[in-house]
Amino acid sequence: MMTTRLNVLVYSGPGTARGPLEHTVVALRALLSSSYDVMTVQSLTLATEPWEETSALLVVPGGRDLPYVRDLTPTGATRRIREYVRSGGAYLGICAGAYFAAERVEFERGRDGYEVTGARELAFWPGTARGSAFPGFVYDSEDGARAVGLTLSGEIAAGEAGPRLDVYHNGGPYFVQDAAASSEVSTKTLASYTELPSNPPAIVECMFGKGRAILTGVHVEYDPVLAKSSSGKKIASDAVDRLQQSDMQRRALLRALLARLGLRLNVESAKAEDEGVFQEPRISPMIFCGGASLWTGEDSDVEGGVNTFSLKEYVPNQIVTTTDSTNDEGVSNTQQRVIYFAKDPSLLSSFDTPYFNIPSFFSHLKHLRDVRRRGGSWNCGSNILYGSVVDSTQTLLEKNSAFAKQLPEGVVCVGSHQVAGRGRGRNSWISQRGCLMFTMQIHHTGSRGMIFLQYIAGLAIARAVRRKPGYEDIPVHLKWPNDIYARAAQGPEGLRKIGGVLITSSYEGGTFTLLIGCGVNVANERPTVSLNELIRLHNQSRGTSLEELTMEEVLARTMIEFEEIYNEFAKTAADNALTPPFSPFLKDYYRYWLHSDQNVTVVNESGGRQNAIIVGIDDSGLLRAQTSSESGELTEVLLQPDGNSFDILNGLIKRKM
């Protein structure tokens, strides 16, 4: 059964060092952000969450090997990592992460206060990781750090990287293979230390089961430019000079290693690095446009919370791009944000918004409102805040509540590329061009039926496609509680996630401020299918000629559908205490969802299992499932959206008590 693997996990628990972790995350995001979400994880996630099927790579960066053992092995995480690779996963161990993945460790043998020896459970390398390969290592210091020479193997050196280069080293091992190595592992030396006797292996590849691990004693992720700009301890200037001279080759080496691990690299990575650029996408200024007049006529600065917003009047083709990036929390390292106010959408230049046509969005919105207007409040989408590259539309508004309070009701924040897209729980959303990503802000009075708002948002997206004339049979479906799925082929493996919903809320003065975040693949074909691919498949199988959708039309239709559903929902919740507020839409919801009479297995935290059949959603918004005992007695189980994970492909509901 094929499952799309969208995540790259970087271990960040006890033992990891701040510098190597920072370099690793920045380097991986720069190379992989178009197809994968690079996220940091702790041992609890690796021990308890179902991460294996959605992860393309696990990286254990530099730090200290012994804390890794203490943190990961007792929880069972180490065993799960080993089985993940055996079953086809990929592992990259850098310095301490390489020691951790060898069958045996010998570190600074005989040196008082430093010696570490012993067996390791992962055992991808069938032998010993022995170090430090070079003398002088000092914990929590750059005193023993240096630039060391590598000689690359022929297949690696055949690309841009080889055949010789200098790379950063600080306590890493070389690799000694046992004479009677396990037949379960086959190995290959990818690079050797040029300056050590007999040129021992510095980077090795281990084929284990169906998977692959690459272990490196040198820091292939180490960017000397980033190191020079940081405030931490510095290595000797002559070493930095050597590293800078080889840095283009180092980057090419890292690309080659990731490719060997089966990763898809950003298409633009090679070109960017040829120009000496190795960073995350630049955060762009934003444009505000719509009916609300927030522009006072003069440039001004507004404190938003985390960011300061510099407000300016929009002049076509005069927008200046900024150069900052984001930290691990999804917030820009540069706190200044620039917003240009455009009073008239028709004045917007396509040069300033090349990936989203704001005038087209407003045109679709006006047309649909003219056709569908049925009274009530029509605010959703009347004002738009757009950025070509943003941290996260959700994070931007959530972390800047003081600024968000000044925005009009129903404002929608749109980003063409998110560098920190957020999803429910540990999930994140991969955001590349062609993926519609937005967060809408509304205010809701009363707590009755709040749980249904995520269902309303998902239903609005499904209806945005399937209520368009001619598109009724496009296979867009709802997965409980808040995912959008597409059926691209028959069978469970034919289901692909194409979107999701995340709602956060705050409460003040009797009113909830709701941030309704959505992401849906409209035109991008990686890393999973898109709406337009579904339309092409539909046209091929049915002999039709439906036009592909644009992000602007999908957003406008979603705004209209959400307004129609929400207005009736809010009125029912406020006026009729006896009627469940979502009941008018249950029939429509069931039409699109995937779970009617689905047979599932409910797994509790202790591992106990019960067979069950999903029968619907109750009046309070909980998922209803019926379990049967050995005697045939039926019992109804209610499951909460925020307390359970649903693996639809395997028919498993993991219930958290």
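Everything that follows concerns the structure shown earlier in this document.
All values reported here derive from a predicted model rather than from experimental measurement. (Residues numbered from 1 in each chain as written. Predicted model: local features only at pLDDT ≥ 70, side-chain atom pairs only at ≥ 80, totals over all residues. Heavy atoms only, no water.)

## A word on the pairing of strand E28 (residues 634-639)
In this structure, strand E27 (residues 623-628) lies alongside E28, joined through six bridges in antiparallel fashion. By the bridge assignment for E28, Gln-626 is matched with Glu-636. Counted along the chain from E27 to the antiparallel partner E28, the turn is five residues long, and its residue Gly-632 has a positive phi close to 95 degrees. (Pairing = 2+ DSSP bridges. Helix = DSSP H or I, 4+ residues; strand = E, 2+ residues; numbered from the N terminus.)

## Here's the deal with the packing of aromatic side chains
Tallied over the full model, the rule gives 32 aromatic pairs. Arranged with centres 5.6 Å apart and planes meeting at 85 degrees, the rings of Tyr-99 and Phe-107 form a pair that is edge-to-face. Note on Tyr-99: relative accessible area 4%, which makes it buried. On the numbers, 5.2 Å between centres and 55 degrees between planes, the contact of Phe-361 with Phe-362 is tilted. Pair check on accessibility: Phe-361 and Phe-362 agree, each one buried. The side chain of Arg-64 reaches across the aromatic face of Tyr-139, ending 3.9 Å from its centre. The side chain of Arg-111 reaches across the aromatic face of Tyr-114, ending 3.7 Å from its centre. (Phe/Tyr/Trp six-rings, centres within 6.5 Å; stacked < 30°, edge-to-face > 60°. Buried < 20%, exposed > 50% of the residue type's maximum accessible area, 1.4 Å probe, protein only. Lys NZ or Arg CZ within 6 Å of the ring centre and 35° of its normal.)

## Brief notes about the nonpolar core
Counting residues in hydrophobic clusters, the biggest one holds 79 residues, and the most contacted among them are Phe-356, Leu-531 and Phe-562. Setting aside residues no more than four positions away along its own chain, Phe-562 makes contact with Cys-380, Met-440, Ile-442, Ile-456, Ala-457, Ala-460 and Ile-516. In this structure, Leu-57, Leu-152, Ala-191 and Leu-261 belong to the second largest nonpolar core, which totals 40 residues. (Core = buried A, V, L, I, M, F, W, Y, C linked by side-chain atoms within 4.5 Å. Contact = heavy atoms within 4.5 Å.)

## A word on the sheet that holds strand E18 (residues 383-390)
Read across the sheet, eleven strands follow the order E15-E16-E17-E14-E18-E19-E20-E24-E23-E22-E21 without closing on themselves; strand pairing throughout is mixed. In this open sheet, the two strands that pair with only one neighbour each are strand E15 (300-303) and strand E21 (476-479). This sheet shows a mean twist of 25 degrees between the axes of neighbouring strands, independent of strand direction. Taken together, the five bridges between strand E22 (residues 483-487) and strand E23 (residues 495-508) define a ladder with antiparallel strand orientation. (Axes fitted to C-alpha atoms, helices over the stretch in contact; angles between N-to-C directions.)

## Some words on the sheet that holds strand E5 (residues 102-107)
Taking strand neighbours across the sheet as the criterion, the four strands line up as E6-E5-E7-E10 in an open arrangement whose pairing is mixed. Whereas interior strands pair on both sides, the edge strands pair on one side only; in this sheet they are strand E6 (116-119) and strand E10 (174-177). The mean angle between the axes of side-by-side strands here comes to 25 degrees, regardless of whether they run parallel or antiparallel. The sheet contact formed by strand E7 (residues 125-131) and E10 spans four bridges and is antiparallel. Looking at E10, one finds that Gly-127 is bridged to Gln-177.

## Some thoughts on a negative patch on the surface
The grouping of Glu-298, Asp-299, Asp-301, Glu-303 and Glu-313 at the surface amounts to a negative patch. Mapped onto the elements of the fold, Glu-303 is located in strand E15. The class of Glu-303 is exposed, set by a relative accessible area of 56%. (Patch = residues over 30% accessible without salt bridge, like charges linked within 9 Å, V, L, I, M, F, W, Y side chains within 5 Å. Areas by Shrake-Rupley, 256 points an atom, 1.4 Å probe, with all protein chains shown as cover. Salt bridge = Lys/Arg side-chain N within 4 Å of Asp/Glu carboxyl O. Lys, Arg positive; Asp, Glu negative; His and termini not counted. Charge placed at Lys NZ, Arg CZ, Asp CG, Glu CD.)

## Let's talk about the pattern of salt bridges
A full pass over the atoms with the stated rule returns 31 salt bridges. Across the salt bridge formed by Asp-140 and Arg-64, the nearest N and O atoms sit 3.1 Å from each other. Linking Asp-140 in the loop between E7 and strand E8 (146-152) with Arg-64 in the loop between strand E3 (55-60) and helix H3 (65-72), this pair joins segments that are 76 residues apart in sequence. Close ionic contact of Arg-369 with Glu-563 constitutes a salt bridge, the shortest N to O distance being 3.2 Å.

## Brief notes about helix H15 (residues 531-542)
Residues separated by three or four positions in an α-helix point in the same direction, a consequence of the helix having 3.6 residues per turn. The end-to-end C-alpha separation of H15 is 16 Å, in line with the 16 Å expected for twelve residues at 1.5 Å each. Buried-residue contacts for H15 involve helix H14 (453-466), E21, E22, E23, strand E24 (511-521) and helix H16 (551-575). Phi for Gly-543, located one or two positions after H15, is positive at around 70 degrees. (Expected span 1.5 Å × (residues − 1).)

## Focus on the pairing of E6
Residues in a regular strand point their side chains to alternate faces of the sheet. Residues Val-116 and Gly-118 point to one face of E6 and are all buried, whereas Thr-117 and Ala-119, pointing to the other face, are not buried. As paired elements, E5 and E6 share four bridges and run antiparallel to each other. Paired with Arg-104 across the bridge in E6 is Ala-119.

## Describing the environment of Met-207
As for its position among the elements, Met-207 is in strand E12 (residues 201-208). Given the relative accessible area of 27%, Met-207 is considered partly exposed. Between the C-alpha atoms of Met-207 and Ala-90, which are 117 residues apart in sequence, the distance is 9.6 Å. Met-207 has contacts with Glu-184, Val-185, Ser-186 and Arg-212, leaving out every residue within four places of it along the chain.

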